[in-house]
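# Notes for the structure review
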Amino acid sequence: MSSLQTVVCVKKVKQEAMEDWDETMPLPGDVIEGVAESDHDELFISAKAKADLSSHLGKISQQFEVVWLKVKRGDATLKLRARIIQEKASILQRKFTIRAATDDRHVAILGDLTLDQCSELQEMSKRISNPDGEEFNRRGVKYEWSKKLDLHLPDHRSSIISSILFMPLKGEHSMEATTSRCMAWFCAAVSCGAPLVFVNIQSEQIVNVTQEKNRNTGKESWWSKQQNNAPNLRIVHGIRLWFLPGVSEVALEMIPAPGEVRFGMDIQRTEEGFICVSSVTKGSAADRCGIGRLLEEAKATNYLLLISRLEGKSVIPSNVSSTGLINCCDQAEIRSTLVSAMDRMDSVRVHIMALPDASESQANETSNKLQTTRKFLP
């Protein structure tokens, strides 16, 4: 079957209580192969499109309220009982759908989707409903999230792990070509001295540009957009690389002293889009908090001293466009942030990618020096 050919599929369900889903209900991703008044195989009528299924349901509803569905879920073919209902939005033109026989809240929204789209929805449903029963029953337990974030992360606003998404270039028709560019970028960064640690690499389906912008601005969730417009989606396969900034992130705070006019840290941008510290003025705020010593250690071991976050905001490259441009942080904006903080005599929090050779004791020593500095500065 062609990957572009569509089948009748449960696109989503209106029941928001996902914990109440189970394998006896029509679930997102179910491919509806047929419908009948009973579960006898010879009575099932096949449905090639959503309109056909709605028509069959309408005819059956004249005599029966409960219907049997033959659905394809993964490699298995199941028979499910469901109730026929009329779509509320179809008053002028009567259209029909189904809901779970055991739960009136569980109303299926049908659509004509490709098999790939159905498979993605099935994976989501499988994780939620756990149809195979391979796990023990679950219960919720309280967890002190705020305490753990403050204790185990340098900055509770940062997740430490970073990623960069590579969009396929024009003319790249295979994921292998995009993956090769992705790994070339990573290897080039490491060979130039970036202390990066590889974590994972994966393919990622990207919707068209308009829908991607809606997701980023929060006007409409990507999941909702996908459900509402699934038949019209233009899918592009990108490659996402996950990595750690060195062995860890070191959080430091540059605190200006009276009379200082700059923090004393010069920055540059590498070819791969990272922001690195190029020099530190002796005795400056950057030097006092430990950045000067870290820069000396980096040069001695042929590493770059890279900044991962400034005031909690990431300065790590985030994606590579389909034109090959690396979307990275603007140096001018970073300098403007530092100048503005200095004008107000405010401290600035900076995260440094820790070097692989840096020991935990050295990081603790830098943190202790920071606390001592804060005692003697206003």
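Residues numbered from 1 in each chain as written. Predicted model: local features only at pLDDT ≥ 70, side-chain atom pairs only at ≥ 80, totals over all residues. Heavy atoms only, no water.

The helix and strand tally for the protein stands at 10 helices and 18 strands. Expressed as a percentage of its 378 residues, the buried residues of the protein come to 42%. Within the protein, residue pairs in contact and separated by at least 24 positions form 69% of the contacts whose partners lie at least 6 positions apart. Looking at the protein as shown, the accessible area adds up to about 21400 Å², and 51% of this sits on carbon and sulfur atoms. (Helix = DSSP H or I, 4+ residues; strand = E, 2+ residues; numbered from the N terminus. Buried < 20%, exposed > 50% of the residue type's maximum accessible area, 1.4 Å probe, protein only. Contact = heavy atoms within 4.5 Å. Areas by Shrake-Rupley, 256 points an atom, 1.4 Å probe, with all protein chains shown as cover.)

Attention now moves to the environment of His 237. Among the secondary structure elements, His 237 is positioned in strand β10 (residues 236-245). Considering only alpha carbons, one finds His 237 and His 173, 64 residues apart in sequence, at a separation of 9.4 Å. Setting aside residues no more than four positions away along its own chain, His 237 makes contact with Pro 168, Met 175, Glu 204 and Gln 205.

Turning our eyes to something else, we now look at the pairing of strand β4 (residues 66-73). Note that strand β2 (residues 31-36) and β4 share five bridges and pair antiparallel. Its bridge partner being in β4, Gly 34 is matched across the sheet by Lys 70. Sheet topology note: the β4/strand β5 (residues 76-86) ladder contains eight bridges and is antiparallel. Of the residues in β5, the one forming a bridge with Val 71 is Leu 78. Linking two consecutive strands that pair antiparallel, namely β4 and β5, is a turn of two residues; a positive phi of about 70° is found at Gly 74 within it. (Pairing = 2+ DSSP bridges.)

Take it as geometry only, folks, not as evidence of what the structure does.
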